[in-house]
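One-letter residues, chain by chain:
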Amino acid sequence: MPKDILIVDDAQNIVLSLEFLMKNEGFSVRVASDGDEALKAIKEQAPDLVLLDVMMPKRDGYEVCQTIRACDDWKNTRIIMLTAKGRDVEREKGLALGADDYVTKPFATRELVAKVREILDMESK
Amino acid sequence: MGLAWQWIVPLISISYLGLLFAVAYFADSHSGKSSSLINNPYVYALSIAVYCTSWTFYGSVGRAAVSGVGFLPIYIGPTIIAAIWWPLLGKIIKISKGNRITSIADFIASRYGKSRGIAAIVTLIAVVGIMPYIALQLKAVATSLNVLVHHLQFGFSDEKFASPWGDTALFVAIILALFSIFFGTRHLDATERHEGMVAAIAFESIIKLLAFLAVGLFVTFSLFDGPSSIFKEAFNDPQLIDLMGFSALPGGYASWFSMTFLAMMAILFLPRQFQVLVVENVNENHIRKAAWLFPLYLLIINLFVLPIAFAGNIIFPNGGIDPDTYVLTLPIFGEQQWLALFAYIGGLSAATGMVIVAAIALSTMVCNDLIIPALLRFQLLISEDLSRIILNIRRGVIICLLMLGYLYFRLIGESYALVTIGLVSFAAAAQFAPPILFGIYWKGASRRGAIIGLVAGFIVWTHTLLLASFALSGWIPESFLTDGPWGITWLRPHALFGLDIFDPITHSIFWSMLVNISLLVGVSLFDKQTAVERIQALNFVDVFEQGAKGGDAYLWSGSVSTFDLKRLVARFIGPNMAEQKFSNFIKINRLVLPENGQAPSRLVAFAEQRLAGAIGSASARIMIHSIVKGEEMDLEGVMRILDQTSQVIEYSQRLEQKSAELEAATQQLKQANTRLKELDRMKDEFISTISHELRTPLTSIRAFSEILHDNSDLALEERQKFLGIVIKETERLTRLVNKVLDLAKLESGLMEWNTVQIDLIQITKDAIDTTSKLFEQRSVKLEITLPEKPIMLYADQDQIQRVIINLLSNSVKFSPEGSGLVRIGIRREVDGIGLEIEDNGPGIVEDEKIRIFDKFHQVKDQSGENLLGGSGLGLAICHRIIEHHKGHIWVESEPNQGATFIFILPTTKPKNS
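Before going further, it helps to spend a moment on the overall build of chain A. Each helix and strand in chain A was counted, giving five helices and five strands. Walking chain A from its N terminus toward its C terminus, one meets helices and strands in the order β-α-β-α-β-α-β-α-β-α. Considering only intrachain contacts with a sequence separation of at least 6, the fraction spanning at least 24 residues in chain A is 61%.

Moving on to the overall build of chain B. Of regular secondary structure, chain B possesses 34 helices and seven strands. Out of the 913 residues in chain B, the part that is buried amounts to 47%. In chain B, 80% of the contacts between residues at least 6 apart in sequence involve partners at least 24 apart.

The subject of this paragraph is the interface of chain B and chain A. The parts lose accessible area when they come together, and the size of an interface is often stated as this lost area. On the side of chain A, 19 residues touch chain B, which itself brings 20 residues to the contact. Of all the secondary structure elements, the ones that give two or more residues to the side of chain B that touches chain A are helix H29 (635–710) and helix H30 (716–748) of chain B. A per-element tally of the side of chain B that touches chain A places H29 of chain B first, with 13 residues. Residues that form the side of chain B that touches chain A fall into these classes: five nonpolar, nine polar and six charged.

Moving on to the pairing of strand E6 (residues 888–893) of chain B. All names here are of chain B. Where E6 meets strand E7 (residues 899–905), six bridges bridge the pair, whose relative direction is antiparallel. By the bridge assignment for E7, His888 is matched with Ile904. The loop that links E6 with its antiparallel partner E7 comprises five residues; one of these, Asn896, has a positive phi angle of about 65°.

Let's shift gears to the packing of helix H1 (residues 5–29) of chain B against helix H17 (residues 337–377) of chain B. All names here are of chain B. Following both chains from N to C, one finds H1 and H17 inclined at 50°, their axes separated by 11 Å at the closest point. The orientation of H1 relative to H17 falls into the category oblique. Judged by the sense of rotation from one axis to the other, the crossing of H1 with H17 is right-handed. Contacts between H1 and H17 involve Ile12, Ser13, Tyr16 and Leu17 from the first element and Leu341, Ile345, Leu348 and Thr352 from the second. Each residue belonging to the contact of H1 with H17 can be placed in one class, and the counts come to six nonpolar, two polar and no charged.

Next up on the list: the nonpolar core. Membership of the largest hydrophobic core comes to 217 residues, with the highest contact counts inside it found for Ile108, Val122, Leu262, Phe269, Ile308, Ala427 and Ala430 of chain B. Considering each element in turn, this core owes the most residues, 24 residues, to H17 of chain B. Sequence-distant contacts of Ile308 of chain B, that is, excluding residues within four places in its chain, are made with Val61, Val215, Gly216, Val219, Tyr326, Val327 and Leu330 of chain B. With 43 residues, the next largest nonpolar core counts Val8, Ile42 and Val50 of chain A together with Ile707 of chain B among its residues.

A few words now on the sheet that holds strand E5 (residues 832–838) of chain B. Residue and element names in this part refer to chain B. Taking strand neighbours across the sheet as the criterion, the five strands line up as E2-E4-E5-E7-E6 in an open arrangement whose pairing is mixed. Looking at the sheet topology across the chains shown, the edges are occupied by strand E2 (781–785) and E6. Adjacent strand axes in the sheet meet at a mean angle of 20° when their direction is disregarded. Alignment of E5 against E7, held across six bridges, turns out to be antiparallel. For Ile837, the partnering residue across the bridge sits in E7 and is Phe901. Along the sheet face, helix H32 (residues 797–814) touches strand E4 (821–829), E5 and E7 and points at about 25° away from the line of E5.

Let's shift gears to the sheet that holds strand E4 (residues 78–83) of chain A. Residues and elements named next belong to chain A. Spatially, E2-E1-E3-E4-E5 is the arrangement adopted by the five strands of the open sheet, whose pairing is parallel. The open sheet has two free edges, formed respectively by strand E2 (28–32) and strand E5 (101–104), since each of these has just one partner strand. For this sheet, the mean angle separating the axes of adjacent strands, direction not counted, is 20°. The pairing of strand E1 (residues 4–8) with strand E3 (residues 49–53) spans four bridges and is parallel. For Ile7, the partnering residue across the bridge sits in E3 and is Leu51.

Here the focus is helix H20 (residues 433–441) of chain B. Among the nine residues in H20 of chain B, seven count as buried, and that is most of the element. Of the residues making up H20 of chain B, those classed as buried are Ala433, Pro434, Pro435, Ile436, Phe438, Gly439 and Ile440 of chain B.

Attention shifts here to the packing of helix H15 (residues 305–315) of chain B against helix H16 (residues 326–333) of chain B. Residues and elements named next belong to chain B. Viewed as axis vectors pointing N to C, H15 and H16 meet at an angle of 60°, and their least axial separation amounts to 10 Å. Accordingly, the angle class assigned to the pair H15 and H16 is oblique. H15 and H16 meet at a crossing whose hand is left-handed. Each of Ile308, Ala309, Ala311, Gly312 and Ile315 in H15 lies in contact with H16, whose residues at this interface are Tyr326, Val327, Leu330 and Phe333. Looking at side-chain class alone, the contact of H15 with H16 contains eight nonpolar, one polar and no charged residues.

Another point: helix H3 (residues 54–67) of chain B. Because the α-helix completes a turn every 3.6 residues, residues three or four places apart line up on one side. All names here are of chain B. Across its 14 residues, H3 extends 18 Å between first and last C-alpha, which sits within 8% of the 20 Å expected from 1.5 Å per residue. Taken as a whole, H3 carries its principal kink of about 35° at Ser60. Residues of H3 that are buried: Ser54, Trp55, Thr56, Phe57, Tyr58, Gly59, Ser60, Val61, Gly62, Arg63, Ala64 and Ala65. Immediately downstream of H3, the backbone of Gly68 shows phi near 60°, a positive value.

All names here are of chain B. Summarising the element assignment, Ile586 is placed in helix H26 (residues 575–588). Residue classification places Ile586 among the partly exposed residues on the basis of 17 C-beta atoms within 10 Å. For the pair Ile586 and Arg602, spaced 16 residues apart in sequence, the C-alpha separation works out to 9.9 Å.

Further remarks concern the environment of Arg492 of chain B. Relative to the helices and strands, Arg492 of chain B resides in the loop between helix H22 (479–482) and helix H23 (504–525). Excluding its chain neighbours within four sequence positions, the residues that come into contact with Arg492 of chain B are Leu481 and Gly484 of chain B.

Our next topic: the confidence of the model for chain B. Residues and elements named next belong to chain B. Chain-level statistics for chain B give a pLDDT mean of 80 and a share of 86% at 70 or above. For chain B, the element scoring lowest by mean pLDDT is helix H11 (residues 238–243), at 66; E7 scores highest, at 92. Taken as a whole, residues 546–554 scores under 50 in pLDDT and shows 16 contacts with residues more than four places along the chain or in a different chain. For residues 630–635, every residue scores under 50 in pLDDT, and the model assigns this stretch four contacts once sequence neighbours within four places are set aside. Overall fold confidence for the complex sits at a pTM of 0.58, while the interface term, ipTM, reaches 0.92.

Attention shifts here to unusual backbone geometry. Most peptide bonds are trans, and most residues other than glycine sit at a negative phi. Following Lys105 of chain A, the chain continues to Pro106 of chain A via a peptide bond in cis, the omega torsion being -10°. In this fold, Pro106 of chain A is placed in the loop between E5 and helix H5 (109–124). Even without being glycine, Ser779 of chain B reaches a positive phi, approximately 50°. Classification of Ser779 of chain B by C-beta neighbours within 10 Å gives partly exposed; the count is 13. A positive phi angle, close to 65°, is found at Lys886 of chain B, a residue other than glycine.

It is worth spelling out the environment of His885 of chain B at this point. Residue and element names in this part refer to chain B. Inspection of the secondary structure assignment puts His885 in the loop between helix H34 (874–884) and E6. A count of 25 C-beta atoms within 10 Å places His885 in the buried class. Filtering out sequence-adjacent residues up to four positions away, His885 remains in contact with Ala795 and Leu905.

The rules behind each value
Residues numbered from 1 in each chain as written. Chains lettered and ligands numbered in written order. Predicted model: local features only at pLDDT ≥ 70, side-chain atom pairs only at ≥ 80, totals over all residues. Helix = DSSP H or I, 4+ residues; strand = E, 2+ residues; numbered from the N terminus. Contact = placed C-beta atoms within 7 Å. Buried ≥ 20, exposed ≤ 12 C-beta atoms within 10 Å, placed from the backbone. Nonpolar A, V, L, I, M, F, W, Y, C, P; charged D, E, K, R; others polar. Pairing = 2+ DSSP bridges. Axes fitted to C-alpha atoms, helices over the stretch in contact; angles between N-to-C directions. Parallel < 35°, antiparallel > 145°, perpendicular 65-115°, else oblique. Left-handed = near helix turned anticlockwise from the far one by under 90°. Core = buried A, V, L, I, M, F, W, Y, C linked by C-beta atoms within 7 Å. Expected span 1.5 Å × (residues − 1). Bend = angle between axes of the 7 residues up to and from the residue. pLDDT = per-residue confidence, 0-100.

The following block contains the structure:
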């Protein structure tokens, strides 16, 4: 069964690119364009991994991350945070809130894919 | 002719003086009460008329007979200065009352640190300077008496004149000395004013005025047919015509000026004038009335001077009769013996008034400022009751003064006209003007400056006038005048340093005032004042300010018992008086005297003031100091301590000021820091936001580029789609970069503006054309309401068009697709004209209305969705552009009711850009 990945970002074109990349790797992909949609999708079915943008309307990435980590049901869900704000403080904040990794936009697609694989492989072990 | 005039006249003279004494006695018995005779401005003004001495009474006519209107400056001066009596004299009186000033020497000494030295110098100058004046009065009385008796006895025959009593002047001197003693030194308490004397002086002023008027009326209307007949006759005489002009006065205009100046100073600073004006003043408000009553008195007493002078010159044409005696000789010529006698009484009044007041004023000064300090120094005042001793000293001084005056008269008086002697005295009194006037208006005037100025001025006066007058009377060789002392020509008394364009009086005034003032000011500027000097300078200059009075009380921080203090004062003013004054003071001030009997410093200061009233401020200070414990510490020591104290106070004041400044600076720094932090935060946020805005399109571009690169097997359709995204995002990125650069230019002022006259209607139409495609795409309707006529403005056409396009694009984006409606029209406000663009979109909540014009503020709908998808820079740029044109841009909106964006531009031509 393919791993389930949830892509959360308010920038449509970035969602499109991530969707293509993940599908290309053979993952099952769902998308959400803001924090509320993301939580709704998670409640429906907990994904194996969330690619989570930080700056979004309504509910930002940190809040979503926090909500996921607060619930025991979703402890197996991995989180990679994506941000266009390249400051260290953002990275630290994301990791502190329980994200598994942190990627700065614009990212190298190969590296991102490798990171996703790595995190999911570790999980499978 | 049968009357024995040589006995009648002296008898009447003595009787008149007796009458005066009765007046004085009567006034004294009412003194200090509500029925006080002298507590009104009329008596005050009349007492000031002691200014008019026998010099006025006889001398004015004498001077007018020789130099025409030349007698006038002596009366013009006081009239001028009376105009500023209220501020000037008022200040002097207020200071004097506060400091219990007893004489002009005391006033000057008190101002300059209660200095004994300066008191002694002023006293010496006064005695030397006034001595000729007293001699002048003696001469006047003696001469008038002799002349009157002679002509009454023998008419105008050429019979050789000889005094029937031998040395008349000596008798006159003795009698005047006795009367001065009666008037001035009857009180045991020397601090009281001399109310009796003032009443007698005022009475004499009435008598001399009436006598002079009587003579004037008689001469003008009885001997002649009115003033016109006198002047008509005078015009027939070529010698008399010369007297009508100003040229008659030797020295011309310079002389007029110097005489007027001298008289201005003399009316205030002659010791006797200071006595009646300041020391004897009951109420400061009397000055207001006296300031016009006294000039009126001068006017009246001078009315008949010229008629009498001309009448005398007409009637006694050959110079056989001294013009100084016309007032007496003209009535006798008219066979009005009793009128002549009345005139003589008037002259006697004028002379005795001056002598009595001058003698009292001078005796106070000599006693307080010369004799008592000397006795104190040699510790000769050992008696318990000193008040009687002091009064006796004063009596002795009065006798000495009149004897000296007599001696002076004997030495040189005979050789001199009345008026010149008077002016010599005026010139001496004028030396007091600089230290007093500078002293009460300039805190910087110092004791050393005053002393050096006074001494130098006095030396010049002595040399140019006194010694010169000795030379003129032949008492010293005449070569002193013609060749200068020791043959040094530039020291000639009437032409110092070769200055020979002035008459002697003007010359002397010029040099003495020059050295007096310049040394006073010059030395003071480089001098360091002592503590007492500084305090007194403040007390004098700032006398009208609150709390200036009695500021030196804390100088007496040493300890002394109340008993000792009272005993000291009692020695000078008598035990009963001292007891009464002390208990009054203690009661009024509600002083609680401590058990150990230590006197509080205020009581010590009070005792000093009481003593100052009796023996002058300089001596009082020394007396008090002699009993305050810690005697070994001299006055200098006290001053040093005070100096240090004041330095500490000054230092702490400076510190306080510094700390206040520091606090203010800290506050400013805090504010600046807060502002900087805010700016830093904004900059941080800006960078963070711009980073986000740039990275988002870059992310898409890079991602799709890599996808395209890595996946060569992509379907053509997908490949085209991805490339389309890359292109769109690149365009977006380009627009964004352009906007950021524009904003940066706008903010840094580097934007190049091309301000010309533009037609708002035309550029609006152009903007509508440019955006018409957007409207079509979203099926939004545009309603245009624009006037036909152009609207001309001064602005940058491209930038304003950019604003309009931006607002129109926004309105399209906000309007609902399909049902959207945008209206555009002209908006007029008081300060200009512009456009309004209304949409029917979701509207803008209150909070956002201002913030939407901030950089990177992206407009979100109520759910928080970023509707514009824009950079958040468009409105910020619009805002800057409109702001640059000195206009306004704002939004009016209700949620769900659409939004209206308005901008207004001023219609006037901008001054710059």
